[in-house]
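Fold and geometry: a report
So you can see what is in the structure, the chains are spelled out below.
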Number of protein chains: 2
Amino acid sequence: MIKALKGQIVYSESSNKLKICENGYLVYEANKIKGVYPTLPEEYEGILVEDYGNRIIVPGFVDLHVHAPQYAFRGLGMDMELLDWLETNTFPEESKYKDIIYAQKAYQMFVDNLKKSATTRACIFATIHKESTILLMDMLEKAGLATMVGKVNMDRNSPDYLREETEESVNETISWLEEVQKKQYQHTKPILTPRFIPSCTDELMCKLKDIQEKYQIPVQSHLSENYGEISWVQELCPKSEFYGDAYDQFGLFGRDSKTIMAHCVHSDEREIKRMKENGVFIAHCPESNTNLSSGVAPVRQYLEEGMHVGLGSDIAAGSTENMFVAMRYAIQASKLRWRLKDEKLSPLTMPEVFYMATKGGGEFFGKVGSFEAAYEMDAVVLDDKRLIHPQEMNVEQRLERMIYLADEREVYAKYVVGEKVSD
Amino acid sequence: MIKALKGQIVYSESSNKLKICENGYLVYEANKIKGVYPTLPEEYEGILVEDYGNRIIVPGFVDLHVHAPQYAFRGLGMDMELLDWLETNTFPEESKYKDIIYAQKAYQMFVDNLKKSATTRACIFATIHKESTILLMDMLEKAGLATMVGKVNMDRNSPDYLREETEESVNETISWLEEVQKKQYQHTKPILTPRFIPSCTDELMCKLKDIQEKYQIPVQSHLSENYGEISWVQELCPKSEFYGDAYDQFGLFGRDSKTIMAHCVHSDEREIKRMKENGVFIAHCPESNTNLSSGVAPVRQYLEEGMHVGLGSDIAAGSTENMFVAMRYAIQASKLRWRLKDEKLSPLTMPEVFYMATKGGGEFFGKVGSFEAAYEMDAVVLDDKRLIHPQEMNVEQRLERMIYLADEREVYAKYVVGEKVSD
């Protein structure tokens, strides 16, 4: 069944160039893109065309790093750095998800708002609790989003109320993966989620690698976010050459296990080299890195090296699921980094942050985040009529303006893997 | 006629401390606050009480620096620094306001959205055009906001299509002030607005001082925003000790003329000392200073020195009229400044940015921006029900969350100088 959307179509031609097709046709068959055409090719005459008029159609946004249980306290308690913030805000809130009733209520809010947003794909941290993690996955599947969700592993340096025994962590992870297999979700996949090196013993990491191999699942974690964290990892893993090497020693840093590392704010040249060699994906989380005073990642360098970079909202160190906000902060943080720290790395541009929010992050899911042929059909139709203006404006300008001003009110329609997400 | 609003009342006790009165009464008579009370005092028994329940009531926000004609291109063309951005985006757009039909259309959009926002007071730049500046003032008066508006003066270093002859600039300014006097606006005042030193000849500045003295009006301009601008001023005014001294030599830098200077990002110790001595108000515009890669002002120092500091949206170098956004960027920019540039100046806190957005900026208008007795009655009632959450939250947390997440949708009611602003 071949169909098309018609409108002002925008996607990335490359990491720093937009491709714009005005009044174009986005043709797709089932869940796959056929192509974008300025006029409908003869072979497609008679297909169903949904005409979105002057609205802008972009690939769905990909949130490479978000903590679902932290949605409850988004925009709160931002006056601390990472390690204090975890102890004070994060761990107490996450412990509540042992209670399935609370989890039901809180996760529903997260899922409802994610559904309304321009996000079509996300890599999500849940908590250590198996039952509520599965509940979250059920909700996301029902919402029609395409996500990877991780039950978190933590067996050290965490408060009693949010720490697993090593064996328990392993067994619960296996049990979670077995249950998820039975669920046969269409668009909801598990992702192995050791919280970060300080929370996971060597023994646990070894066993998680076994699980990763057995179930052939991807991995997500945190890397080089904050100076205090980096020194702590060096103490905890004296044999590691650098923070990322601590993951790599356990086989959980790219190579044969597809891996996202969030932040990479303070990665040194050795770590950058290893990420590049291992094909690690970087989830750049500019609002989070600002709110927790972590710093600003050298994203210009990552892009120039041809590394995999996407964007993360990182709720609740980031305040919102709105990926337009992640895009604007990515530009803004790069400007302050350029001005205040290092004029060698020029600020990011609008086409670059758009690329990161679509194709850059999408690549973690496969052929996702573009309208090129054979890509999965994720699209968002944006209506910017709320953003009133007196003058003429071209499509690129309208998109730029949305990066600074849009929220869920601009989302007019959303398609995930070929299916229209309904209200 | 004494009345009261009832709700969760928050205002600044000092520049770094909130005063919260839960389920309190904000009592006012005509346009002046009487006080805030946890229970209604006997003497006020029987007065009309508007009960806003669990909603939060704060002083209206004060935008100390905003360019009305730039509203049209908010969120656009952010990939330049100041001087190029002025030539490429700003001056061409501002020249359109010679056409009163365009001005009518464009200014109405600005005024409508400002009215919907949580802003009750603003210091506004118009353009060099007298007629459209008066039109803007008519609209603002009708909207019920309390503002100061300036016809801009520019007689050099500006494109032909947006430059006045010196005499013309002087005469038009006088004619504008005479017409405004006849209008007898209630809440709309003129403010003298030399754009910035590079745009104004010495001769013009001398004559503007005469006008300032004759009409006894305040002054607004720009100061030390960008390195290129600062060097340029040094070339243009070789006799000035520093940028601010160039204004001071003409008597347009505080002292007997109440003055706001926007930005003050790169003010050196001499300039800071002079601003303090002269009682100059600083309009801190963190989003603008980020978008134009200008840098981050040392606001912590300004607060510690007891200087006058408020916040500005600085549309369109800032993208939005939403003063919650200015507050969140003030915190965020201060964190990156601390991390990337100078760990001696600690990041701003939520109570501090709230103070700057209310009482700090409000002081430019007199007794404005607080709920202490004798302050003018500007208040905003905020309803945060859209910002769903599963857990209990206190009033301070709800306010903090709004600083990160709120927009005009949270504005439930607004009072300016004792009058409720109606839709």
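What counts and what doesn't
- Residues numbered from 1 in each chain as written.
- Chains lettered and ligands numbered in written order.
- Predicted model: local features only at pLDDT ≥ 70, side-chain atom pairs only at ≥ 80, totals over all residues.
- Heavy atoms only, no water.
- UniProt positions renumbered as here; feature names shortened; annotations may be inferred.
- Helix = DSSP H or I, 4+ residues; strand = E, 2+ residues; numbered from the N terminus.
- Buried < 20%, exposed > 50% of the residue type's maximum accessible area, 1.4 Å probe, protein only.
- Contact = heavy atoms within 4.5 Å.
- Least-squares fit on C-alpha atoms with pLDDT ≥ 70 in both.
- Buried area = accessible area lost by both parts, 1.4 Å probe.
- Salt bridge = Lys/Arg side-chain N within 4 Å of Asp/Glu carboxyl O.
- Polar contact = N/O pair within 3.5 Å; in protein donor to acceptor, adjacent residues only side chain to side chain.
- Nonpolar A, V, L, I, M, F, W, Y, C, P; charged D, E, K, R; others polar.
- Pairing = 2+ DSSP bridges.
- Axes fitted to C-alpha atoms, helices over the stretch in contact; angles between N-to-C directions.
- Lys, Arg positive; Asp, Glu negative; His and termini not counted.
- Domains from an automatic or database assignment.
- Arc of directions from axis to C-beta.
- Parallel < 35°, antiparallel > 145°, perpendicular 65-115°, else oblique.
- Left-handed = near helix turned anticlockwise from the far one by under 90°.

Now for the UniProt feature "domain: Amidohydrolase-related" (unreviewed entry) in chain A. According to UniProt, the feature "domain: Amidohydrolase-related" (unreviewed entry) maps to residues 56–419 of chain A in the numbering used here. In residues 56–419 of chain A, helix accounts for 43% and strand for 16%; the two terminal C-alpha atoms are 18 Å from one another.

Among the structural elements, B:Asp407 can be located in the loop between α13 (395–405) and β16 (411–416). Since its relative accessible area comes to 9%, B:Asp407 is described here as buried.

Its place among the elements puts A:Leu382 in strand β15 (residues 379–382). The residues contacting A:Leu382, other than those within four sequence positions of it, are A:Arg55, A:Ile56, A:Val58, A:Phe324, A:Met402, A:Glu410 and A:Val411.

What follows covers the relation of the copies chain A and chain B. Screw-axis analysis of chain A against chain B gives a translation of 0.0 Å along the axis, an RMSD of 0.0 Å, and a rotation angle of 180 degrees. Both chain copies can therefore be described as sitting about a two-fold axis. Identified as the residue of chain A closest to the rotation axis by C-alpha distance is A:Leu340, at 3.0 Å. In this assembly, 100% of the residues forming the interface of chain A have copies in chain B that are likewise at the interface, indicating an isologous arrangement.

Contacts between the two partners involve 52 residues from chain A, matched on the other side by 53 residues from chain B. Together, the buried faces of chain A and chain B total about 4,500 Å²; carbon and sulfur atoms form 58% of this surface. On inspection of chain A and its partner chain B, the count reaches eight salt bridges. Put simply, A:Arg409 and B:Glu408 hold a salt bridge, and the shortest N to O gap is 2.9 Å. Between chain A and chain B we count 30 residue pairs in polar contact (both at pLDDT 80 or more) in total. Those elements giving two or more residues to the side of chain A that touches chain B turn out to be α2 (100–116), α9 (286–291), α11 (323–340) and α13 (395–405) of chain A. The dominant element in the side of chain A that touches chain B, judged by the number of residues it contributes, is α11(A), at nine residues. Each residue belonging to the side of chain A that touches chain B can be placed in one class, and the counts come to 20 nonpolar, 15 polar and 17 charged.

What follows covers the environment of A:Thr320. Within the secondary structure, A:Thr320 sits in the loop between β14 (308–311) and α11. Separated by 246 residues in sequence, A:Thr320 and A:Arg74 have C-alpha atoms that sit 6.7 Å apart. Among residues more than four places away in sequence, those in contact with A:Thr320 are A:Glu287, A:Ser313, A:Ile315, A:Val325 and B:Leu405. A distance of 2.9 Å separates a polar side-chain atom of A:Thr320 from the backbone nitrogen of A:Asn322.

Turning our eyes to something else, we now look at the sheet that holds β16(B). Residue and element names in this part refer to chain B. With mixed pairing, the seven strands of this open sheet are ordered in space as β3-β2-β1-β4-β15-β16-β17. Sheet topology places β3 (32–37) and β17 (419–420) at the edges, where each strand pairs with a single neighbour. Across 11 bridges, strand β1 (residues 2–14) lies against strand β2 (residues 17–29) in antiparallel orientation. Along β2, the bridge assignment pairs Lys 6 with Tyr 25. With respect to the sheet, helix α12 (residues 350–362) is in contact with β1, β2 and β4 (48–59), its orientation differing from that of β1 by roughly 125 degrees. Packed onto the sheet, α13 meets β1, β2, β4 and β15 (379–382) and runs at close to 60 degrees relative to β4.

In this section: the side chain of B:Arg156. Residue and element names in this part refer to chain B. Looking at the secondary structure, you find Arg 156 in the loop between β8 (152–153) and α4 (166–183). Of the side chains bearing the opposite charge, Asp 202 lies closest to the buried Arg 156, which forms no salt bridge; the N-O distance is 4.6 Å. A polar contact is formed between the side chain of Arg 156 and the backbone oxygen of Ile 197, at a distance of 2.9 Å. There is a polar contact of 3.2 Å between the side chain of Arg 156 and the backbone oxygen of Pro 198. Setting aside anything within four residues of it in sequence, one finds Arg 156 in contact with Arg 163, Ile 197, Pro 198, Ser 199, Cys 200, Thr 201 and Leu 236.

The next subject is the domain arrangement of chain A. All names here are of chain A. When cut into domains, chain A gives domain 1 (2–59 + 371–420) and domain 2 (61–365). For domain 1 versus domain 2, the separation of C-alpha centres amounts to 29 Å. On the side of domain 2, 28 residues touch domain 1, which itself brings 31 residues to the contact. For the pair domain 1 and domain 2, the summed buried area comes to about 2,400 Å², and 64% of that belongs to carbon and sulfur atoms. Its largest share of buried area at the contact with domain 2, domain 1 owes to Ile 403, Tyr 404 and Lys 414, together 27% of the area lost on that side. At the junction of domain 1 and domain 2, the tally comes to three salt bridges. Where domain 1 touches domain 2, the interface holds 11 residue pairs in polar contact (both at pLDDT 80 or more).

This part is about α13(B). Each α-helix turn comprises 3.6 residues. Residues three or four places apart therefore point the same way. Buried residues dominate α13(B), accounting for nine of its 11 residues. Along α13(B), the positions that sit buried rather than exposed are B:Val395, B:Arg398, B:Leu399, B:Glu400, B:Arg401, B:Met402, B:Ile403, B:Tyr404 and B:Leu405.

All names here are of chain B. Every buried residue of helix α8 (residues 269–278) is listed here: Glu 271, Ile 272, Arg 274, Met 275 and Asn 278. What you see down the axis of α8 is that its buried residues fit within an arc of 165 degrees, all on one side. Along α8, exposed side chains directed more than 90 degrees from the buried face belong to Glu 269, Lys 273 and Glu 277. Those residues of α8 that are buried lie in contact with β11 (219–223), α7 (243–248), β13 (281–284) and α10 (299–304). The first or second residue beyond α8 is Gly 279, which carries a positive phi of 70 degrees.

Okay, the packing of α2(A) against helix α3 (residues 130–143) of chain A next. Residues and elements named next belong to chain A. With their axes 10 Å apart at the nearest point, α2 and α3 run at an angle of 30 degrees to one another. By the angle between their axes, α2 is roughly parallel relative to α3. In terms of crossing hand, the pair formed by α2 and α3 is right-handed. Contact with α2, carried on its side by Ile 100, Ala 103, Gln 104, Tyr 107, Gln 108, Phe 110, Val 111, Leu 114 and Lys 115, involves Glu 131, Ser 132, Leu 135, Leu 136, Met 139, Leu 140 and Ala 143 of α3 and no other residues of that element. In terms of residue class, the contact of α2 with α3 is made up of 11 nonpolar, three polar and two charged.

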